Amino acid sequence: MFNRDLLERYLKKRLQLYFGEGQRSHLIQEQEYQTIQRKVELYNKRNVSLVKVYGNLEVSNLWSENDITYINYTLHTRYFLKQTDLYFEEDQEQRQMAIEKEEILYDIAFPVDYHLEPFEVEEEEDIAESESSDRNSGYNRFNAVKYAETWWDGHNKEYPLYANDCTNFISQCLRAGGVKMVGMPKPGVGWWYRNHSNSSYSWRVAHALRRFLPNAKSEIKAEEVSSQMQLSLGDIIVYDFEGDGVWNHCTIVVAKDENGEPLVNAHTVNSRKRYWSYYDSTAFTENIKYKFFHIIDGFSNAPME
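Residues numbered from 1 in each chain as written. Predicted model: local features only at pLDDT ≥ 70, side-chain atom pairs only at ≥ 80, totals over all residues. Heavy atoms only, no water.

S.K.: Can you walk me through the nonpolar core in this structure?
M.R.: As a rule of thumb, soluble globular proteins bury nonpolar side chains together. Counting 79 residues, the largest nonpolar core has Leu-174, Ile-236 and Ile-252 as its most contacted members. Sequence-distant contacts of Ile-236, defined by excluding residues within four places in its chain, comprise Ile-170, Leu-174, Leu-213, Cys-250, Thr-251, Ile-252, Lys-291, Phe-292 and Phe-293. (Core = buried A, V, L, I, M, F, W, Y, C linked by side-chain atoms within 4.5 Å. Buried < 20%, exposed > 50% of the residue type's maximum accessible area, 1.4 Å probe, protein only. Contact = heavy atoms within 4.5 Å.)

In structure tokens:
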């Protein structure tokens, strides 16, 4: 049986680093420490005050081998922020800890693999709509953002859950906003979902969605804009972390800060109201590139609450 107080004490020391308090534990890897430092730097640049950081541990699996206890857990962190208004930024991370004789041997995040799945996109010619009539015509930004807020930290069992789940999640948000699916049943054509084992590449692969959005010959259309400041709530950002032409990740805009900068929700590392640049991510590199997509072509801009 493990001592939960040991985990809580360790978590408290970890969270103190956001305020420059205490010494960095040898258990915190250099890359993670640097992301904490970059997050604090980013708050300062944005003129955001970090009022409080809350952490919660939820154990998902626990077992012992050779007197070592292994713990798989979810770390849910909430950052209480003040700009003009108060708001929470949140993230969830899957981690593992090993303990021997009341001593933590290691604490690591499960590696996030923003890999590109193999696929081949076909030319989109004469695609017929293949969505049922329960979807609205036009894009309801309010419904898309509402879905992103509801499911940012959860799994809607109507859909599969992938290890790299970012694009699957964004597609769900678009569908909740009323976007009609097209191209079924060819996986390299259009944007569609049938069931847990049958969907288009663009539904679940960031690189394919990035190709589909500006070139779609169907109801969903998006224009690439030059700046994040041109995005509205419900619009999409796609990321190439290494700057090598492979687009790894995507997010949805759910809010704006007082400077008009987008705040985004995402899956894989589940995030809520995260600053759009991902400067505070372990995946960030100096070569990072972005694509900003504003959904257009008669899609409605429903008022946001």
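S.K.: It is not clear to me how the pattern of salt bridges should be interpreted in this structure. Could you clarify?
M.R.: Two side chains bearing opposite charge may form a pair once their charged atoms approach each other closely. All told, the structure shown has 17 salt bridges when counted by the stated rule. Between Glu-41 and Lys-45 there is a salt bridge, with the nearest N and O atoms lying 3.1 Å from each other. Here Glu-41 and its partner Lys-45 are both found in helix α2 (residues 30-45), four residues apart, which amounts to about one turn of the helix. Residue classification places Lys-45 among the exposed positions, given a relative accessible area of 62%. Among the salt bridges present, the one from Glu-90 reaches Arg-272, with a minimum N-O distance of 3.0 Å. A residue pair is termed long-range when its members are at least 10 positions apart, and Glu-90 in strand β3 (residues 86-100) and Arg-272 in strand β11 (residues 271-275) qualify at 182 residues. Residue class for Glu-90 comes out buried when judged on its relative accessible area of 7%. (Salt bridge = Lys/Arg side-chain N within 4 Å of Asp/Glu carboxyl O. Helix = DSSP H or I, 4+ residues; strand = E, 2+ residues; numbered from the N terminus.)

S.K.: Can you help me understand the packing of helix α3 (residues 141-151) against helix α4 (residues 166-176) in this one?
M.R.: Think of two packed helices as two axes; the pair is described by the angle between the axes and how far apart they sit. Close contact between α3 and α4 brings their axes to 7 Å; oriented N to C, the two are set at 140°. Classified by the angle their axes make, α3 and α4 are oblique. The handedness of the crossing between α3 and α4 comes out as right-handed. Taking contact as the criterion, the partners of Asn-143, Ala-144, Tyr-147, Ala-148 and Trp-151 in α3 are, on α4, Phe-169, Gln-172, Cys-173 and Ala-176. Residue composition of the contact of α3 with α4, grouped by class: seven nonpolar, two polar and no charged. (Axes fitted to C-alpha atoms, helices over the stretch in contact; angles between N-to-C directions. Parallel < 35°, antiparallel > 145°, perpendicular 65-115°, else oblique. Left-handed = near helix turned anticlockwise from the far one by under 90°. Nonpolar A, V, L, I, M, F, W, Y, C, P; charged D, E, K, R; others polar.)

S.K.: Even after reading the chapter, I still don't get the environment of Lys-289, so can you show me in this structure?
M.R.: Topologically, Lys-289 is positioned in strand β12 (residues 289-295). C-alpha separation for the pair Lys-289 and Ser-277, spaced 12 residues apart in sequence, amounts to 9.6 Å. The residues contacting Lys-289, other than those within four sequence positions of it, are Val-238, Tyr-239, Asp-240, Gly-243 and Trp-247.

S.K.: I keep staring at α2 and nothing clicks. Help me out?
M.R.: For the α-helix, the turn length of 3.6 residues means that residues three or four positions removed from each other point alike. Here α2 is 16 residues long and its end C-alpha atoms lie 22 Å apart, about the 22 Å a rise of 1.5 Å per residue gives. Listing the buried residues of α2 in full gives Glu-32, Thr-35, Ile-36, Arg-38, Lys-39, Leu-42 and Tyr-43. With its buried residues spanning 165° around the axis, α2 presents them on a single face. Turned more than 90 degrees from where α2 packs its buried face, Asn-44 and Lys-45 sit exposed. (Expected span 1.5 Å × (residues − 1). Arc of directions from axis to C-beta.)

S.K.: Can you walk me through α4 in this structure?
M.R.: With 10 of 11 residues buried, α4 lies mostly within the body of the structure. Looking only at α4, the buried set comprises Cys-166, Thr-167, Asn-168, Phe-169, Ile-170, Ser-171, Gln-172, Cys-173, Leu-174 and Arg-175. Where α4 terminates, the next one or two residues include Gly-178, which has phi positive at roughly 100°.

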